[in-house]
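Chain by chain, the residues run as shown.
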Amino acid sequence: MIELTGIGKYYKQGFGKTHILKNIGLIIDQGEFVSIMGPSGSGKSTLLHILGLLEEPSEGTYNLLGENVNSLSEKQRTEIHRSTIGFVFQAYHLIDELTVYENIETPLLYQKVGSSERKSRVAELLDRFQIVAKKDLFPSQLSGGQQQLVGIARALIANPKVIFADEPTGNLHSEQADQIMEVFQELNQKDGVTIVQVTHSEKNAAYGNRIIRLKDGWLV
Ligand code: ADP
Ligand code: ADP
């Protein structure tokens, strides 16, 4: 599903370059639940952003679902991003001015999905995550764990094949963190969604089937 070959990322600095990722080769199969771990500054977020088409690598090739995404136009990348990828952030990135319902619905508006289908899909996720009673509240009126459930519902609304999550429980208490990991595990096992998360927590990582470790930009 995901195949990275010789992926590098560097930034120009003075007369030289700072290498953030070095010669990363990686295959992730459909249906895997992978955790990326490593010390601060080892390149985890950069790797996740490249995988999630939020950043471009400096070198190497990235095949996603059989397509070389390096050679795509900006518009094509956006299209693939919307149709196959869900992204979950540590700090939720919800829109403060929109209700829970509207936050979850937003990706479908970009995809021009009709109103009755939007309604039924949002209702299904509200129900699944047991946040129906919160649908008219704003993000600031929710606990961190509830906000992350909304973030995950929004990431799921367009039926992505893969979810990328950057420290999804980094701001949560351990009980809430466990709930989020159980949601990921169920999505992975019941719905077959591929999950790739960055985490500092061995406990979180244990919910998945594989750990990838980075050190100083190298996959070790
Ligand atoms: P991690 O997620 O493992 O903490 P990151 O991928 O966030 O690591 O960052 C890896 C390294 O890349 C860090 O040393 C960071 O300072 C550096 N870095 C990230 N973004 C940039 C940038 N835009 N310009 C220069 N250096 C950057
Ligand atoms: P990194 O990926 O390098 O750990 P992030 O961008 O995720 O950094 O986070 C920025 C800051 O938040 C860093 O100082 C990091 O140590 C801290 N941080 C990250 N994750 C957690 C966490 N789960 N709990 C507490 N602090 C965290």
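Residues numbered from 1 in each chain as written. Chains lettered and ligands numbered in written order. Predicted model: local features only at pLDDT ≥ 70, side-chain atom pairs only at ≥ 80, totals over all residues. Heavy atoms only, no water.

As recorded by an unreviewed UniProt entry, the chain carries the name ABC transporter ATP-binding protein and is attributed to Lacihabitans lacunae.

## As for the pairing of strand β6 (residues 85-88)
As a general feature of sheets, a regular strand has side chains that alternate between the two faces. Where we set the bar: Burial classification: accessible surface area is computed with a 1.4 Å probe over protein chains only, and a residue below 20% of its type maximum counts as buried, one above 50% as exposed, and the rest as partly exposed. Numbering goes from the N terminus for both helices and strands, where a helix is a DSSP run of H or I of at least four residues and a strand is a run of E of at least two. A pair of strands is labelled paired if DSSP reports no fewer than 2 bridges between them.
Residues of β6 alternate between two faces, with Ile85 and Phe87 on one and Gly86 and Val88 on the opposite face, all of them buried. As judged from the four bridges shared by β6 and strand β7 (residues 162-166), these two strands associate in the parallel manner. When the sheet's bridge partners are listed, isoleucine 85 is paired in β7 with valine 162.

## Looking at the site of ligand 2
The test is simple: Consider each residue's heavy atoms; a residue with any of them within 4 Å of a molecule or strand counts as near. Think of a polar contact as two N or O atoms within 3.5 Å of one another; within protein, one of them needs to be a possible hydrogen donor and the other a possible acceptor, and neighboring residues in sequence only count if both atoms come from side chains. Where accessible areas are quoted, they stem from the Shrake-Rupley method and a 1.4 Å probe; at the residue level, only the protein chains shown are allowed to cover. In the scheme used here, Gly and all other residues not listed as nonpolar or charged are polar, with Ala, Val, Leu, Ile, Met, Phe, Trp, Tyr, Cys and Pro taken as nonpolar and Asp, Glu, Lys and Arg as charged.
Surrounding ligand 2, one finds Ser40, Gly41, Gln90, Glu167, Gly170 and His200. In this structure, glutamate 167 approaches ligand 2 through a side-chain N or O atom, which is 3.5 Å from a nitrogen atom. Residue glycine 170 places a main-chain N or O atom 3.5 Å away from a nitrogen atom belonging to ligand 2. Its free accessible area being 520 Å², ligand 2 has 41% of it covered by the protein chains. Across the shell around ligand 2, the residue classes break down as no nonpolar, five polar and one charged.

## Considering the confidence of the model for the chain
In low-pLDDT segments, the atomic positions of the prediction should not be examined closely. What counts, and what does not: Summary of the metric used: pLDDT quantifies the predictor's per-residue confidence within the range 0 to 100.
In the predicted model, the chain carries a mean pLDDT of 94, and the fraction of residues at 70 or more is 100%. Ranking the elements of the chain by mean pLDDT puts helix α2 (residues 74-84) last, at 89, and strand β3 (residues 33-37) first, at 98.

## Re the pattern of salt bridges
Worth spelling out the cut-off: Think of a salt bridge as a Lys or Arg side-chain nitrogen and an Asp or Glu carboxyl oxygen that are within 4 Å of each other.
A complete count under the given rule lists nine salt bridges for this structure. Here arginine 213 and glutamate 202 are joined by a salt bridge, their closest N and O atoms 3.3 Å apart. Highlighted residues: arginine 213 in strand β9 (residues 210-215) and glutamate 202 in helix α7 (residues 202-205), separated in sequence by eleven residues. When its relative accessible area of 36% is taken as the criterion, arginine 213 is described as partly exposed. Each of Arg128, Glu186 and Asp191 takes part in one network of salt bridges that share partners.

## So, the sheet that holds β3
What counts, and what does not: Should any heavy atoms of two residues lie within 4.5 Å, those residues are counted as being in contact. To get an axis, fit a line to the C-alpha atoms, keeping to the stretch in contact for a helix; angles then go from 0 to 180 degrees between the N-to-C directions.
Strands sit in the order β6-β7-β8-β3-β9-β10 across an open sheet of six strands; the sheet is mixed. Each edge of the open sheet carries a strand with a single partner, namely β6 and β10 (218-219). When β3 meets strand β8 (residues 194-198), the two strands line up parallel, connected through four bridges. Counted as the bridge partner of valine 34 is valine 196 from β8. Taken strand by strand, α2 contacts β6 and β7, and its axis lies near 75 degrees from that of β6. Packing against the sheet, helix α5 (residues 144-156) makes contact with β6 and β7, and its axis sits at approximately 165 degrees to β6.

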